[in-house]
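Chain and residue survey
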Amino acid sequence: MDADGAGLPHSGGVQYSLMASPVVTRPTGFAQRMARISVSATAAMMIEAEKLRSEGADLIDFGAGEPDFATPEHIKKAAVAALEQNFTRYTPTGGIAALKDAIRQTHAQDFKSTYTRDEVLVTVGGKHALFNAISALIDHGDEVILPAPYWVSFKDMITYAGATPVVVSTDESKGFTLTTEMVSRHLTARTRMILLNSPSNPSGAVFSAQLFRDLLDICRQRGIWLLSDECYSKFIYEGVPYSVASEPESKDWVIIAGSLSKTYAMTGWRLGYALAPKAVVKQMLNLQSHSTSNPTSIVQKAAIAALTGPQEPVGEMLAEYTRRRKVIVEGLRAIPGVSCTMPAGAFYAYPNVSGLLGGKGPKTPMELSEQLLHKAGLVTVPGEAFGTEQHLRFSYATSMKNIENGLRRLAEFAQTLRA
Ligand SMILES: Cc1ncc(COP(=O)(O)O)c(C=O)c1O
């Protein structure tokens, strides 16, 4: 039998007999749908790094896709107060009304959107909102347009739903941006959705309002969905935050997935949301009612405090990310063989490391990332995880000291490759 059962879906069981025991049959094989998803390279790298760390390795971590800041005090206090008030029972599956209102009102203030309470679903993190939306709307045989580099989970969510991700490469020379023509070339009769993530993890690209408008027009003409992941929407370094939901008459085509994870340094709390047409929310809610049920009760109270309380901590985090972005991008650009576009949003640098590949050294970003981990004590995520072949992702949601030391280690390692 395969150790992991791969390739043996529903292959029956293994029969063996124990002395003086009746025959027992151990179940084997996994559901076929499991073969459609893979362990994310991010997760694999984290597991390997954790192992080395537990053995005492001195690692500098550029892998983590989460803020290194503590959750602001007033948010924590709201959760404690909810606990003390015994707000610990089931809530409505799709979230309490006060939180739905806080979500839609905040979105309306920020982006002039016009969602009503029954067009909001509160979920267990932004990932859950995306998963529910894709599960509710995408079928076997459908195609979903996915710009690359893409966040790791998008691809697997699409394939898990039985659909095909149609990967559209962005233009690195223009900051990993996209044009309507680039998307149009990939439209077919099977296209059911365009999935955009702006600001992007991993490239930091921010797509223009005009691109969103043009793609929205395509969606209107062809009757397809525009799923917009706004999880980094508060972390934009230049220009104004934008949501496609601010476009008049856009609601029938648009699903917004949002999250409090990054904005309020709440990754472990697991709170996200979807804004979508009422009928879509109803389907997503139905699915959620059979899986997680409601997001954690006290986290919902904390989320109200996050959204309606002081927003200064968000500005402070953005100011710190802005400082780090400059240091890391300039540091990366100073290393021969490395080029790096300036991220316009989020907190990742996505340098092109093709100049470090080949010869006697690492052949691929995956190999380079492994060598950096084992030989330089640097945790990075290889570009293969995000659908590109020449990059590494560096999260700068880590201290300035780590960034400076990490860049030094990287420069020294790059030097050994040239020697
Ligand atoms: C692009 C993107 N979307 C969604 C998420 C999900 O965030 P969460 O489930 O923590 O809200 C992440 C997390 O890394 C992300 O990078």
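Residues numbered from 1 in each chain as written. Predicted model: local features only at pLDDT ≥ 70, side-chain atom pairs only at ≥ 80, totals over all residues. Heavy atoms only, no water.

Re the layout of surface pockets
Rules: The distinction between a cavity and a pocket rests on a 1 Å grid over the protein atoms alone: a 1.4 Å probe fits inside a cavity but cannot get out, while a pocket stays open yet meets protein on both sides within 12 Å along at least five of seven lines, and a residue with an atom within 4 Å of a point counts as lining. Grid points are joined across faces, edges and corners, and a volume is the space filled by probe spheres set on the points. Only DSSP runs of H or I reaching four residues or more are called helices, and only runs of E reaching two or more are called strands; each is numbered from the N terminus. Think of it as three bins: nonpolar holds Ala, Val, Leu, Ile, Met, Phe, Trp, Tyr, Cys and Pro, charged holds Asp, Glu, Lys and Arg, and polar takes everything else, Gly as well. How far each domain reaches was decided by an automatic or database domain assignment.
Its boundaries defined by the atoms lining it, the largest pocket holds a volume of some 630 Å³. Lining the largest pocket we find 27 residues, and of these Gly65, Lys127, Trp151, Asn201 and Lys262 sit closest to its centre. When residues of the lining of the largest pocket are traced back to their parent elements, those giving at least two are helix H1 (41–54), helix H4 (126–137) and helix H5 (152–160). Of the residues contributing to the lining of the largest pocket, the split by class is 10 nonpolar, 11 polar and 6 charged. Both domain 1 (41–70 + 313–418) and domain 2 (73–308) contribute no fewer than three residues apiece to the lining of the largest pocket. Considered as a void within the structure, the second largest pocket measures approximately 230 Å³ in volume. Lining of the second largest pocket is provided by 18 residues; of these, Ile236, Val240, Pro241, Tyr242 and Ser243 occupy positions nearest its centre. Of the residues in the lining of the second largest pocket, the class split is 11 nonpolar, 5 polar and 2 charged.

Considering the packing of H4 against helix H8 (residues 278–289)
Put simply, the rule is: As a rule, the C-alpha atoms of each element are fitted with a line to give its axis, helices using only the stretch in contact, and angles between N-to-C directions run from 0 to 180 degrees. To sort the angles, those under 35 degrees are grouped as roughly parallel, those over 145 as roughly antiparallel, those from 65 to 115 as roughly perpendicular, and the leftovers as oblique. Contacts are residue-level and defined by heavy atoms, with any inter-residue pair within 4.5 Å sufficient.
Close contact between H4 and H8 brings their axes to 9 Å; oriented N to C, the two are set at 110°. The orientation of H4 relative to H8 falls into the category roughly perpendicular. Residue-level inspection shows His128, Ala129, Asn132, Ala133, Ser135, Ala136 and Leu137 of H4 in contact with H8, the latter providing Val280, Gln283, Met284, Leu287 and Gln288. In terms of residue class, the contact of H4 with H8 is built from 7 nonpolar, 5 polar and no charged.

Side note on the sheet that holds strand S14 (residues 392–395)
Our working rule: Strands are treated as partners if at least two bridges between them are detected by DSSP.
The 3 strands are arranged S11-S14-S13 in an open sheet whose pairing can be described as antiparallel. The open sheet has two free edges, formed respectively by strand S11 (348–349) and strand S13 (381–382), since each of these has just one partner strand. Two strands pair when backbone bridges link them, and S13 and S14 are joined in this way by 2 bridges, in the antiparallel orientation. Across the sheet, Val381 pairs through a bridge with Arg393, a residue of S14.

Observations regarding empty space enclosed by the protein
If you walk through the whole model with that rule in mind, you get 2 cavities of 30 Å³ or more. Together, 15 residues line the largest cavity, and Asp110, Ser233, Lys234, Tyr273 and Leu307 are the ones closest to its centre. For the lining of the largest cavity, the leading source of residues is helix H3 (residues 97–111), giving 5 residues. Its residues assigned to classes, the lining of the largest cavity shows 7 nonpolar, 5 polar and 3 charged. Put simply, the second largest cavity is a space of about 100 Å³. Lining the second largest cavity are 17 residues, with Pro147, Pro149, Asn197, Ser200 and Phe207 positioned closest to its centre. Put simply, the parts of the chain that give the lining of the second largest cavity at least two residues each are strand S5 (143–148) and strand S7 (191–197).

Observations concerning H4
Residue pairs three or four apart in sequence face the same way in an α-helix, which turns once every 3.6 residues. Note the cut-off: Expected helix span is given by 1.5 Å per residue-to-residue step, counting one fewer step than there are residues. Accessible area is worked out with a 1.4 Å probe on protein chains only. A residue is then buried under 20% of its type maximum, exposed over 50%, and partly exposed in between.
Between its first and last C-alpha, H4 extends 17 Å over 12 residues, near the 16 Å set by a 1.5 Å rise per residue. The complete set of buried residues in H4 reads Gly126, His128, Ala129, Leu130, Asn132, Ala133, Ile134 and Leu137.

Topic: the environment of Thr159
Among the structural elements, Thr159 can be located in helix H5. For the pair Thr159 and Ile138, spaced 21 residues apart in sequence, the C-alpha to C-alpha distance is 9.8 Å.

Notes on the domain arrangement of the chain
Defined as follows: Should a side-chain nitrogen of Lys or Arg be within 4 Å of a carboxyl oxygen of Asp or Glu, the pair is scored as a salt bridge. Here a polar contact is recorded for every N or O atom pair within 3.5 Å, except that within protein the pair must consist of a potential hydrogen donor and a potential acceptor, and residues adjacent in sequence are included only if both atoms are side-chain atoms.
Looking at the chain, the domain boundaries give domain 1 (41–70 + 313–418) and domain 2 (73–308). Inter-centroid distance (C-alpha atoms) of domain 1 to domain 2 is 27 Å. Each side of the interface is counted separately: domain 1 has 29 residues, and domain 2 has 28 residues. Taken together, the links from domain 1 to domain 2 amount to 1 salt bridge. The partner of Arg325 in a salt bridge is Glu238, with the nearest N and O atoms 3.2 Å apart. Linking domain 1 with domain 2 are 14 residue pairs in polar contact (both at pLDDT 80 or more), by the criterion used here.

A few points about H5
Counted residue by residue, H5 has 7 buried out of 9 residues, so it is predominantly covered. Residues of H5 that are buried: Val152, Ser153, Phe154, Asp156, Met157, Ile158 and Thr159. Just downstream of H5 lies Gly162, where phi reads positive at about 90°.

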